[in-house]
Amino acid sequence: MKATEGPEAGNHTLMTKFVLSGLSNHPELQNLLFSTFCFIYITTIVGNLLIFVVTVHPSLHTPMYFFLRVLSFLDISTASIVVPRMLVNFLSEDRSISYVGCATQLYCVIFLAASECYILAAMSYDRYVAICNPLRYAITMNSRVCLSLVLLSCCSGNVVSVVQTAWVFTLTFCGPRRINYFFCDIPPLIVLSCTDTSSYEIQTIVATVFVIITPFCLILVSYACIISSILKISSAEGRCKTFSTCSSHLIVVTLYYGSGTLTYLRPKSGNSQDIKKVLALIYTAIIPTLNPLIYSLRNKEVKGVMESQNVTSPVKEFVLVGFNQSPKIQQFLFMVFLIFYLMTCLGNITILTTVTTDCHLHTPVYFFLANLAFIDVTSASLNTPILLSGLLSQNTTVPFKECIFHIFFFHFIGGAHIFILAVMAADRYLAIQQPLQYLTIMNREVCLGLVAGSWAGGFIHSAAQISLLLPLPYCGPNTLDNFHCDVPQVLEVACTDTYLAELLMVSNGGLLLTVIFVLLLISYTVILVKIRKQVTQGKHKALSICTAQIMAISITFIPGIFIYAWPFKTFKLDKAASVFFTELVPVLNPMVYTLRNSEMKKAIRRLASRVLLSGETGTA
């Protein structure tokens, strides 16, 4: 056990880390549990982001949906604090968490959970005012009151979290260090303490009364008044709509407060720890997944917006102009880009196959390279068929929904591409600056986490772009001067002021690209200076890999910055930059990483030899 001795501890051993036992110790269940909770986590992120995007619609700019957006944010945050760590533990033998990491996780979980308790109470108050005092609703629940309720909820959650976390970590932990839980929480930590915890248990019960039971009672009282008012509504349709809204809220309230009360009202009870794990799963993983399902499937207004196709806009489809050239030039360009696409697939699939099959390349740098190759193939397969189709016809018509979906996946994959390049730069930095600890730092779990984080970053970036595009009305003309749907061209056909949306998109796109590019250049400058001072045998190899990566980031970032780094006014060169960004970069990456990397070239030759040998053996 990693621990230190101190004179103030007497005969006690002071812990510097804990070990999370997780949900199950059965090895045969780990892969199943990983797949299950990975699916739950992705559903949570997608569902809550969808709710966040849908409620941006002008028809849902009401206090109820403002609170729902806050609730979705809290759900995403809660799941992201708990589930990724749990997923890593399913795959890793080392389930330790540092003392500081445990305290940080506990603080975040309590802060988010307490804030959500108060937000749910605020939502019930909103429904009470809307149904019981409809004439005064707009005055009572104005924007200042809504914002104040959210700030008060978060401040109260912060106070509760700071006090509870400070109380827990003033206890003495002297062994065992194993937490029979899947995250750091109050009940399992109290059990590990070797001091009298009776006073703290009373404090936890008092906090539970204020944070969980009191809001729950207020919610029950408000819903009793709401139900009484609903029964007085003469219209059957009105009663049905109100019951739909309130019943969805009550489902969440019952699950959330019930599991929290059973967990914290008796923090050191003799109940089975497995039961407490199930209860904890309800409010940390299950509830965040159910919220979007409940609020979308049981709410007609949300379903109506989700089913509508931008009803405020007369534009139902876009026409991609593409390359308006003579038929002979169109045919020539078709052949050129078809060759580029085939080269992209061949080169990147070769990299994927080589890295996967050659044991000499089972290192972090080539693991990231294989992921980059996968992204390049996916990106080319998303964009090139549309380009080729446009070259065979004068114009390509794309329905509105398909255009939005294309933009989402284009920025999703592009965002993952950018973050993977940043990860590869960090990997090279560690390899050069910390060579002795490199493999310890960049272990399998860290590499998997960085790749997953890159895809998550791309998803969040893309979802943010789409959330700014969807609420805008589009009234034409519906022609897009590009060969595929992208943000600048779609913004041009919006029939409203898009200045604020442009600034937000620039900060999420162009500014992000510029900042990451500058940081990458600085990091590679430091790396190259370090390499030049080396006299070791690996100097040439390090230079080869770094120069290849500098070329890769340059050809990726520069056209991207040109397109997205300023408020969106399209230029004639935008189409050329788009072609370079979407068609040439995926085909150049394999050339950069193979022609400039001696180790990769040797591995490809070994792969070719094996393929030829197996072919000769089969013929014989």
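Keep in mind that this is a model prediction, so the values were computed, not measured.

(A) Quick peek at the overall build of the protein. From N to C terminus, the protein includes 21 helices and 8 strands. With 620 residues in all, the protein has 50% of them scored as buried. Restricting to contacts in the protein with at least 6 residues of sequence separation, those with at least 24 account for 80%. About 28,800 Å² of surface is accessible on the protein, with carbon and sulfur atoms providing 69% of the total.

(B) Up close: the sheet that holds strand S8 (residues 479-480). Read across the sheet, 3 strands follow the order S7-S6-S8 without closing on themselves; strand pairing throughout is mixed. One side of each edge strand has no neighbouring strand; the edge strands of this open sheet are strand S7 (396-399) and S8. Pairing of strand S6 (residues 317-320) with S8 involves 2 bridges; the strand directions are parallel. The partner of Leu-320 across the bridge, within S8, is Leu-480. The strands touched by helix H13 (residues 400-433) are S6, S7 and S8; relative to S7, the strand with the most contacts, the crossing angle is about 85°.

(C) Region of interest: the packing of H13 against helix H18 (residues 510-532). In contact at an axis separation of 10 Å, H13 and H18 are set at 20° when each is read in the N-to-C sense. Taken as axis vectors, H13 and H18 run roughly parallel relative to one another. Both H13 and H18 take part in a crossing whose hand is left-handed. Residues Ile-418, Phe-419, Leu-421, Ala-422, Met-424, Ala-425, Arg-428, Tyr-429, Ile-432 and Gln-433 of H13 touch H18, and the partners they reach there are Leu-512, Leu-513, Ile-516, Leu-520, Ser-523, Tyr-524, Val-526, Ile-527, Lys-530 and Ile-531.

(D) Up close: the pairing of strand S3 (residues 17-20). Pairing geometry for S3 and strand S4 (residues 96-98), over 3 bridges, is antiparallel. The partner of Val-19 across the bridge, within S4, is Ser-96. Sheet topology note: the S3/strand S5 (residues 178-179) ladder contains 2 bridges and is parallel. By the bridge assignment for S5, Val-19 is matched with Arg-178.

(E) Representation of the pattern of salt bridges in the model. Following the criterion strictly, the structure yields 3 salt bridges and no others. For the salt bridge of Asp-358 with Arg-606, the shortest nitrogen-to-oxygen distance reads 3.0 Å. Of the two residues, Asp-358 is situated in the loop between helix H11 (327-357) and helix H12 (364-392) and Arg-606 in helix H21 (residues 598-619); the sequence distance between them amounts to 248 residues. Accessibility expressed as a relative area gives 3% for Asp-358, which makes it buried.

(F) Representation of the nonpolar core within the structure. Residues Phe-37, Leu-189 and Phe-557 are the most contacted members of the largest nonpolar core, which totals 153 residues. Take this core: its biggest share by element is 18 residues, from helix H3 (residues 99-132). Among all residues touching Phe-557, those that are not within four sequence positions of it are Ile-418, Leu-421, Leu-513, Ile-516, Phe-517 and Leu-520. Of all hydrophobic cores here, the second largest spans 9 residues; its members include Leu-333, Leu-387, Phe-483 and Val-579.

(G) Region of the structure containing the packing of aromatic side chains. The final tally for this structure, using the stated rule, is 24 aromatic pairs. Residues Phe-216 and Tyr-257 carry aromatic rings whose centres are separated by 5.4 Å and whose planes lie at 20° to one another, so their mutual orientation is stacked. With a gap of 41 residues between them, Phe-216 in helix H7 (residues 198-230) and Tyr-257 in helix H8 (residues 236-264) connect regions that are remote in the sequence. Phe-216 sits in the partly exposed class, given a relative accessible area of 23%. The buried category is assigned to Tyr-257, whose relative accessible area is 1%.

(H) Representation of empty space enclosed by the protein. Throughout the structure, instances matching the rule amount to 7 cavities of 30 Å³ or more. Volume-wise, the largest cavity comes out at about 230 Å³. Ile-110, Ala-113, Val-211, Ile-212 and Tyr-264 are, among the 18 residues lining the largest cavity, the residues nearest its centre. Elements represented by at least two residues in the lining of the largest cavity include exactly H3, helix H5 (143-168), H7 and H8. Considering only residue class, the lining of the largest cavity consists of 14 nonpolar, 4 polar and no charged.

(I) Expanded view of the environment of Gln-489. Position of Gln-489 among the secondary structure elements: in helix H16 (residues 487-492). Overall, the relative accessible area of 6% leaves Gln-489 in the buried class. Sequence separation between Gln-489 and Asp-574 is 85 residues; the distance between their C-alpha atoms is 9.8 Å.

(J) Representation of the layout of surface pockets in the model. The computed volume of the largest pocket comes to approximately 1,300 Å³. Taken together, 38 residues make up the lining of the largest pocket; nearest its centre are Tyr-41, Pro-84, Ala-452, Gly-453 and Ala-456. For the lining of the largest pocket, the leading source of residues is helix H15 (residues 444-469), giving 14 residues. Here the lining of the largest pocket is composed, by residue class, of 27 nonpolar, 8 polar and 3 charged.

(K) Layout of the pairing of S6. Direction of pairing for S6 relative to S7: antiparallel, over a ladder of 4 bridges. Within S7, the residue paired with Val-319 across the bridge is Thr-397.

(L) Here's a closer look at the environment of Val-168. Considering the arrangement of structural elements, one finds Val-168 in helix H5. The class of Val-168 is buried, set by a relative accessible area of 0%.

(M) Region of the structure containing the side chain of Thr-165. Within the secondary structure, Thr-165 is located in helix H5. Of the residues examined, Thr-165 reaches a relative accessible area of 11% and is grouped as buried. A polar contact of 2.7 Å, which involves the side chain of Thr-165, links it to the backbone oxygen of Ser-161. Those residues within four positions of Thr-165 in sequence are excluded, and the remaining contacts are Ala-103, Leu-106, Tyr-107 and Ile-110.

(N) Geometry of the confidence of the model for the protein. Residues at a pLDDT of 70 or more form 85% of the protein, whose mean pLDDT is 79. Averaged pLDDT values over the elements of the protein bottom out at 40 in strand S1 (residues 3-4) and peak at 91 in H5. Across residues 1-13, where pLDDT falls below 50, the model places 20 contacts with residues more than four positions away in sequence or in other chains.

(O) Structural detail: the environment of Pro-488. As for its position among the elements, Pro-488 is in helix H16. The class of Pro-488 is buried, set by a relative accessible area of 2%.

(P) Region of the structure containing H11. The terminal C-alpha atoms of H11, which comprises 31 residues, lie 44 Å apart, in line with the 45 Å expected from a rise of 1.5 Å per residue. By the burial criterion, the buried members of H11 are Gln-330, Leu-333, Phe-334, Phe-337, Tyr-341, Thr-344, Cys-345, Gly-347, Asn-348, Ile-351, Thr-354 and Val-355.

Parameters at a glance
Residues numbered from 1 in each chain as written. Predicted model: local features only at pLDDT ≥ 70, side-chain atom pairs only at ≥ 80, totals over all residues. Heavy atoms only, no water. Helix = DSSP H or I, 4+ residues; strand = E, 2+ residues; numbered from the N terminus. Buried < 20%, exposed > 50% of the residue type's maximum accessible area, 1.4 Å probe, protein only. Contact = heavy atoms within 4.5 Å. Areas by Shrake-Rupley, 256 points an atom, 1.4 Å probe, with all protein chains shown as cover. Pairing = 2+ DSSP bridges. Axes fitted to C-alpha atoms, helices over the stretch in contact; angles between N-to-C directions. Parallel < 35°, antiparallel > 145°, perpendicular 65-115°, else oblique. Left-handed = near helix turned anticlockwise from the far one by under 90°. Salt bridge = Lys/Arg side-chain N within 4 Å of Asp/Glu carboxyl O. Core = buried A, V, L, I, M, F, W, Y, C linked by side-chain atoms within 4.5 Å. Phe/Tyr/Trp six-rings, centres within 6.5 Å; stacked < 30°, edge-to-face > 60°. 1 Å grid on protein atoms, 1.4 Å probe; cavity = no way out; pocket = protein on both sides within 12 Å on 5 of 7 lines; lining within 4 Å. Points joined across faces, edges and corners; volume = space filled by probe spheres on them. Nonpolar A, V, L, I, M, F, W, Y, C, P; charged D, E, K, R; others polar. Polar contact = N/O pair within 3.5 Å; in protein donor to acceptor, adjacent residues only side chain to side chain. pLDDT = per-residue confidence, 0-100. Expected span 1.5 Å × (residues − 1).

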